[in-house]
Amino acid sequence: MAKKKIEKVYEKLSNEYEIFAENDNEWEKNGLNSTDFKSLVSVMLSTMTHTKRVIRACNALYDKATTPKEILDLSDDELTELIKPVAHYNRKTKHLKEMCQQLIDNHNGEVPRTEKELLELQGVGRKCTDIMMNFNFGGDTIAVDTHVHRVLNRLGIVETKSNEDTADEINRLTPKKYKKHAHEWLIQHGMNICISRKPKCEECIVSSLCDYYEKEFYTKQ
Ligand code: SF4
């Protein structure tokens, strides 16, 4: 049932949203993912932070440092000041330094290309790993952040409490042909239409498939 439903959702969303490589993606335009290392750092810094602030922090940082060694050469205070636009900048300063040291000690300064090795890096969690595997290393794992988690739960495709559980479920349910771009369609829908506080259900192209919509607009009448 959920498998059939998710296929219909992907069909509709894929007609509505461009994939990042085709649209005016802010990350691409600002070179936030022009190397594997910059991609990794940008994704780490993006946790709990609006894209505009991530771009500000990354632009400031990459003006000064674009390699693990260059980041380690910055003092903690300098690094914190550069990434101050992002949430939890003190913790991220610490994690970023530790992660850069791990890259130098264990991977010759390169970003490792396996899920297991990425997850061993300080400050790199499941979402970050799945994004790297999909966008940088040719995999097709669907990364789940708060937007993707919210959309899938409202639709009733999953019933989960954490992003990690949603990632397990949606990667299991999604047919291979949709996996590569599923994250891109779902995140755009979550950021533009199925927004956190008040979803724009009247504008939503998947409302006919949505449990939340049915409950809010029919069951209550
Ligand atoms: S109908 Fe509303 S709750 Fe359901 S996916 Fe669309 S915007 Fe989100």
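Below: a short report on this structure. Just so you know, these numbers come straight off a predicted model, no measurement behind them.

### Description of the site of the ligand
Thinking step 1. With respect to spatial proximity, 14 residues lie near the ligand, and among them C194, P199, C201, C204 and C210 are the closest.
Thinking step 2. Of all elements in the fold, only α10 (146–155) and α13 (211–219) reach the threshold of two or more residues within the shell around the ligand.
Thinking step 3. With three residues, α10 is the single largest residue contributor to the shell around the ligand.
Thinking step 4. For the shell around the ligand, a count of residues per class yields 11 nonpolar, one polar and two charged.

### Re the environment of V151
Thinking step 1. With respect to the helices and strands, the residue V151 is situated in helix α10.
Thinking step 2. Accessibility expressed as a C-beta count within 10 Å gives 30 for V151, which makes it buried.
Thinking step 3. Apart from the residues lying within four places of it in its own chain, the contact partners of V151 are L186, H189, G190 and C194.

### Structural notes on unusual backbone geometry
Thinking step 1. For M48, which is not a glycine, the phi torsion comes out positive at approximately 60°.
Thinking step 2. Topologically, M48 is positioned in the loop between α3 (36–46) and α4 (51–64).
Thinking step 3. With 10 C-beta atoms counted inside 10 Å, the residue M48 sits in the exposed group.

Here is what the cut-offs are and how they apply
- Residues numbered from 1 in each chain as written.
- Predicted model: local features only at pLDDT ≥ 70, side-chain atom pairs only at ≥ 80, totals over all residues.
- Near = placed C-beta within 6 Å.
- Helix = DSSP H or I, 4+ residues; strand = E, 2+ residues; numbered from the N terminus.
- Nonpolar A, V, L, I, M, F, W, Y, C, P; charged D, E, K, R; others polar.
- Buried ≥ 20, exposed ≤ 12 C-beta atoms within 10 Å, placed from the backbone.
- Contact = placed C-beta atoms within 7 Å.

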